[in-house]
Amino acid sequence: MGGHEVIYARAPSHLGDGVMALPALAALAGLGPLIIGAPRWGAELYRDLQCAVVGPESRVQADIAVLFKPSLGAALQVRHIRRRIGVAGDHRWPLLTDVVKEGAHQSDTYRSLAAVLGAQAEGTPEFRRRASDPTVDVPADHVGLNPVSKGGAVREWQGYRSLAGAVRGPVVFYGGPGEEQRVAAHAGPHAMNVGLSLAAFASALSRCAVFVTNDSGAAHFARAVDTPVVVVHGSTTAT
């Protein structure tokens, strides 16, 4: 790869996948100019990478596109870019110049995407806090509970309020933007923090003794902040 080629990386659409992509994106950033197309959380999540972050629908001029998002739409969006690297799903293989086989785990696939360009993704995802990050007024050593899921109620464990009542010590319920009512239905009389920025969420997580959550983006982010995490895995369909 030429030293001055510009790489455009289309980040995944979901926070958890975006966190898992961090090592691969960091490896790509080490090759030269990198532009990442990502949802609203991208600017914060990828703030420590040497890159520019733009909106996911931006039309970018680049020499190479690396598609972490596995959709047909993502491939169509970059068809003007000379070299296009991605997995072949969603009927998009004719739009790719380099097809990567999906790995056993999503993180393996992301590492393989970077490896096409000779970038070796190393380590586990990490989100570093900064002294300038906002602080959140939550108790030290509290139990954090994240009761809702983007997958809907069928993926949400219904035992969070009972767990909160059984905990000896402070409990705080968490949720993402727009999830106030859904979190409140689980939290009842307990404290809530909903819709925090990633930097503020990292601050709150740093004061958790443990974070109990559904399988969600928040679970992956908490791991990246080095908070102890318990993930409740349940059904993925109503049946």
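Preceding block: the structure.
Because the structure is predicted, anything quoted here is derived from the model rather than measured.

(A) Structural context of the side chain of arginine 10. The residue arginine 10 is located in strand 1 (residues 7–10) in this model. Within the structure, the side chain of arginine 10 is placed 3.5 Å from the backbone oxygen of proline 56, a separation counted as a polar contact. In contact with arginine 10, not counting residues within four places along its chain, are Gly37, Pro56, Glu57, Val66, Leu67, Phe68, Lys69, Ala74 and Gln77.

(B) Summary view of the packing of aromatic side chains. In total, this model carries 8 aromatic pairs according to the counting rule given. Ring centres of tryptophan 41 and tyrosine 46 lie 6.3 Å apart, and the angle between their planes is 65°; on these two criteria the pair is classed as edge-to-face. Here the two residues tryptophan 41 and tyrosine 46 agree in accessibility, since each one is buried. With 5.7 Å between their ring centres and 15° between their planes, phenylalanine 201 and phenylalanine 221 make a pair best called stacked. Of this pair, phenylalanine 201 sits in helix 8 (residues 198–205) while phenylalanine 221 is found in helix 9 (residues 217–224), placing the two residues 20 residues apart along the sequence. There is no split in this pair, since phenylalanine 201 and phenylalanine 221 are both buried. Every member of this aromatic cluster is reached through a ring pair, and the members are Phe127, Tyr174, Phe201, Phe211 and Phe221.

(C) Layout of the sheet that holds strand 8 (residues 171–175). The parallel open sheet is built from 5 strands, whose spatial order is 9-8-7-10-11. Of all the strands in the sheet, the pair left with one neighbour each is strand 9 (191–194) and strand 11 (229–232). Each strand of the sheet is rotated relative to its neighbour by a mean of 20°, with strand direction disregarded. In terms of strand pairing, strand 8 meets strand 9 through 4 bridges, oriented parallel. Considered in strand 9, the bridge of phenylalanine 173 is made with methionine 192. Where helix 7 (residues 180–187) meets the sheet, its contacts fall on strand 8 and strand 9, and the angle it forms with strand 9 comes to roughly 160°.

Calculation notes
Residues numbered from 1 in each chain as written. Predicted model: local features only at pLDDT ≥ 70, side-chain atom pairs only at ≥ 80, totals over all residues. Heavy atoms only, no water. Helix = DSSP H or I, 4+ residues; strand = E, 2+ residues; numbered from the N terminus. Polar contact = N/O pair within 3.5 Å; in protein donor to acceptor, adjacent residues only side chain to side chain. Contact = heavy atoms within 4.5 Å. Phe/Tyr/Trp six-rings, centres within 6.5 Å; stacked < 30°, edge-to-face > 60°. Buried < 20%, exposed > 50% of the residue type's maximum accessible area, 1.4 Å probe, protein only. Pairing = 2+ DSSP bridges. Axes fitted to C-alpha atoms, helices over the stretch in contact; angles between N-to-C directions.

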